[in-house]
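Remarks on the overall topology
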Amino acid sequence: MRRVVTAVLGSIFASCMAAAAHAAVLVAEVDLPTQTMQVIHYGKVIHTWRVSTARSGYITPTGTWRPKRMHKMWYSRKYDMSPMPYSIFYDGGYAIHGTNAVSRLGRPASHGCIRLDTPNAATLFSLAREVGPGNMKVVVRN
């Protein structure tokens, strides 16, 4: 009986440790209906920012991802070499990045990426670098 209890407790402990290892230290959670992003660091909301996501005719996919690559400055080959400062790519060509079109923040305006005011994108980029992309999640909810 003692061996069974020890084995069960060991299994529970290993499961908890594995879950903790996969938990995100940093979460960028985007709410499409409200066009906002909450930045959650160690379980605490530290920023709430207005964003712009896909306008009519385009999509911003919903789901959960880890960043795939990050660039301090990227230029969109698909959209006339448009600047994408502080890009965090999370799903193919979809990224969170800064924009100069701040008057459009808070409503759909992009080709599918998640646009932020450039200083906010720089803050998120810095946090992502600090914790490492493997410790960050991008969550987009409808």
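Relevant structure appears above.
Overview of the structure. What you see is a predicted model, and the numbers here were worked out from it, not measured in a lab.

The strand order 3-2-1-9-4 describes an open sheet built from five strands, whose pairing is mixed. A single partner strand is all that each edge strand has here, and the edge strands are strand 3 (44-50) and strand 4 (63-65). Each strand of the sheet is rotated relative to its neighbour by a mean of 15°, with strand direction disregarded. The pairing of strand 1 (residues 26-31) with strand 9 (residues 136-141) spans six bridges and is classified as parallel. Bridge pairing in strand 9 places Glu 29 opposite Val 139.

This part covers the nonpolar core. Counting 25 residues, the largest nonpolar core has Met 37, Ile 96 and Leu 124 as its most contacted members. For this core, the elements supplying multiple residues, two or more each, are strand 1, strand 2 (36-41), strand 6 (82-91), strand 8 (114-117), helix 2 (118-131) and strand 9. With residues up to four places along the chain from it excluded, the contact list for Ile 96 reads Ala 28, Met 37, Tyr 86, Ser 87, Ile 88, Tyr 90, Ile 114, Leu 116, Leu 124 and Val 138.

Time to look at the packing of aromatic side chains. For any pair of aromatic rings, the description rests on two quantities: the centre-to-centre distance and the angle between the ring planes. Applying the stated rule across the entire model yields three aromatic pairs. When the ring of Trp 65 is compared with that of Tyr 90, the centres are 5.0 Å apart and the planes differ by 50°; the resulting orientation is tilted. Here Trp 65 is found in strand 4, whereas its partner Tyr 90 is found in strand 6, with 25 residues between them in sequence. There is no split in this pair, since Trp 65 and Tyr 90 are both buried. Both rings, one in Tyr 86 and one in Phe 125, keep their centres 5.6 Å apart while their planes meet at 65°; by these two values the pair is edge-to-face. Here the residue Tyr 86 occupies a position in strand 6, and Phe 125 occupies one in helix 2, the gap between them amounting to 39 residues. Taking relative accessible area as the criterion, Tyr 86 reaches 22% and is therefore assigned partly exposed. For Phe 125, a relative accessible area of 4% gives the class buried. The ring centre of Trp 74 lies 4.8 Å from the NZ or CZ of Arg 69, which sits over that ring. Between Arg 69 and the ring centre of Phe 89, over which it is positioned, the NZ or CZ distance is 3.9 Å.

What follows covers the environment of Tyr 86. Placed 34 residues apart in sequence, Tyr 86 and Asn 120 show a C-alpha to C-alpha distance of 9.3 Å. When residues no more than four places from it in sequence are discounted, the contact partners of Tyr 86 are His 71, Lys 72, Met 73, Ile 96, His 97, Thr 118, Ala 121, Ala 122 and Phe 125.

A word on the pattern of salt bridges. Under the counting rule described, the total for this entry stands at one salt bridge. Arg 141 is paired through a salt bridge with Glu 29; the nearest N and O atoms lie 3.5 Å apart. A residue pair is termed long-range when its members are at least 10 positions apart, and Arg 141 in strand 9 and Glu 29 in strand 1 qualify at 112 residues. Judged by relative accessible area, which is 44%, Arg 141 ranks as partly exposed. Residue classification places Glu 29 among the partly exposed residues on the basis of a relative accessible area of 23%.

The rules behind the values
Throughout this description, residue numbers start from 1 for each chain and increase along the sequence as written. Local features in a predicted model are, by the rule used here, given only for residues with pLDDT of at least 70; side-chain atom pairs are given and counted only at 80 or more, and totals for whole chains, interfaces and linings are based on all residues. Neither water nor hydrogens contribute to the side-chain values; these are computed over all heavy atoms in the structure. Pairing between strands is defined by DSSP: at least two bridges between them are needed. Each helix is a run of H or I in the DSSP string that is no shorter than four residues. Each strand is a run of E no shorter than two, and both are numbered from the N terminus. Interaxial angle, 0 to 180 degrees, is taken between N-to-C directions of lines fitted to C-alpha atoms, where a helix line uses only the stretch in contact. In these notes, a set of buried Ala, Val, Leu, Ile, Met, Phe, Trp, Tyr and Cys residues joined through side-chain atoms within 4.5 Å is what counts as a nonpolar core. Think of it in three bands: residues with accessible area under 20% of the maximum for their type are buried, residues over 50% are exposed, and the middle band is partly exposed, with areas taken using a 1.4 Å probe on protein chains only. Contact criterion: two residues are considered in contact whenever any of their non-hydrogen atoms come within 4.5 Å of each other. Planes of paired rings set the category: under 30 degrees apart is stacked, over 60 is edge-to-face and the rest tilted, where pairs are Phe, Tyr or Trp rings (Trp by its six-membered ring) whose centres lie within 6.5 Å. Comment: the charge-over-ring label is applied if NZ (Lys) or CZ (Arg) is within 6 Å of the ring centre and within 35 degrees of the ring normal. Salt bridges are defined as contacts in which a side-chain nitrogen from Lys or Arg sits within 4 Å of a carboxyl oxygen from Asp or Glu.

By themselves, these observations are geometric and do not establish any function.
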